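# Structural features, examined
Here are the chains, one letter per residue:
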Amino acid sequence: MKRKIIICLLAAALCALSAGCGAKPDGSSPSVPQTPPETQEPPAPEPAPVQAPEPVSEPEPAPEEEAADLTGTWRDDQRGTSGGRCYMEITGTSDEYTIDIYWGSSARETHHWQLFGAYDEAAKALPYIGTHFLDTTLDGGNIQQTVMLKGLTGTLALDSSGALLWSDDNEQTGEGMAFLRED
């Protein structure tokens with residue numbers, strides 16, 4: 001609203017300046033008659049300057065509740081099912097999260113869930129779809145990735161204490177885990 005008023009005032013000022021300039025296009029001043037003509041009427045009084053109406057302040061919109069920022073590293077609590085060995089890394093934005101969950105079963109084998117989802121504001125949860133892999137470290141340090149299960153579904157949701165709960169529809173792996181933010 002303020003912007004429109006300012007633009008209108010600037011346009012009016014430019015019009016007034018250009019109308020009041022008496023310079024000829026060649027840059028010379030206009031010639032002034034020595035004697036006023038007899039039939040010339042007295043100049044009309046100048047109109048009073050138009051003042052812009054006072055801007056009406058619009059009410060501030062109610063602040064929107066922001067989607068939960070789930071990015072970062074989360075680890076299962078020591079008292080959880082994994083005893084603190086399972087952790088997840090979440091990257092992206094609420095429109096497109098990538099979730100990698102790692103749970104080492106031995107020095108050479110790690111279960112790895114790679115999940116993708118968007119935060120659902122109405123449900124206050126992050127539904128996902130993804131794949132469960134078994135990552136095996138081979139001699140020489142290379143990692144062999146074996147697909148265990150594709151098309152996994154489930155949700156991640158914050159509880160009232162701020163812990164992230166994993167509800168896995170297919171394998172129920174997240175049962176009893178409460179992930180706490182590490183960073």
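As a starting point, this report considers the structure included with it. (Residues numbered from 1 in each chain as written. Predicted model: local features only at pLDDT ≥ 70, side-chain atom pairs only at ≥ 80, totals over all residues. Heavy atoms only, no water.)

## Some details on the sheet that holds strand 6 (residues 143-158)
- Taking strand neighbours around the barrel as the criterion, the eight strands line up as 1-2-3-4-5-6-7-8 in a closed arrangement whose pairing is antiparallel. The sheet shows a mean angle of 30 degrees between the axes of neighbouring strands, taken without regard to direction.
- The pairing of strand 3 (residues 96-104) with strand 4 (residues 109-117) spans eight bridges and is antiparallel. Residue pairing in the sheet places Trp103 in a bridge with His111 of strand 4. (Pairing = 2+ DSSP bridges. Helix = DSSP H or I, 4+ residues; strand = E, 2+ residues; numbered from the N terminus. Axes fitted to C-alpha atoms, helices over the stretch in contact; angles between N-to-C directions.)

## Here we look at the pattern of salt bridges
- Overall, the coordinates contain four salt bridges when judged by the stated rule.
- Arg75 is the partner of Glu182 in a salt bridge, and the nearest nitrogen-oxygen pair spans 2.6 Å. A residue pair is termed long-range when its members are at least 10 positions apart, and Glu182 in the segment after strand 8 (178-181) and Arg75 in strand 1 (residues 72-76) qualify at 107 residues.
- Since its relative accessible area comes to 27%, Arg75 is described here as partly exposed.
- For Asp139, the salt bridge goes to Arg108, with nearest N and O atoms at 2.7 Å. Here the residue Asp139 occupies a position in the loop between strand 5 (126-137) and strand 6, and Arg108 occupies one in the loop between strand 3 and strand 4, the gap between them amounting to 31 residues.
- Overall, the relative accessible area of 44% leaves Arg108 in the partly exposed class. (Salt bridge = Lys/Arg side-chain N within 4 Å of Asp/Glu carboxyl O. Buried < 20%, exposed > 50% of the residue type's maximum accessible area, 1.4 Å probe, protein only.)

## Observations concerning unusual backbone geometry
- Here the phi dihedral of Lys124 falls at roughly 55 degrees; this positive angle occurs in a residue that is not glycine.
- Its location among the elements puts Lys124 in the loop between strand 4 and strand 5.
- The class of Lys124 is partly exposed, set by a relative accessible area of 37%.
- The residue Gln172 is not glycine, and still its phi comes out positive at about 55 degrees.
- Here Gln172 is to be found in the loop between strand 7 (164-168) and strand 8.
- For Gln172, a relative accessible area of 41% puts it in the partly exposed group.

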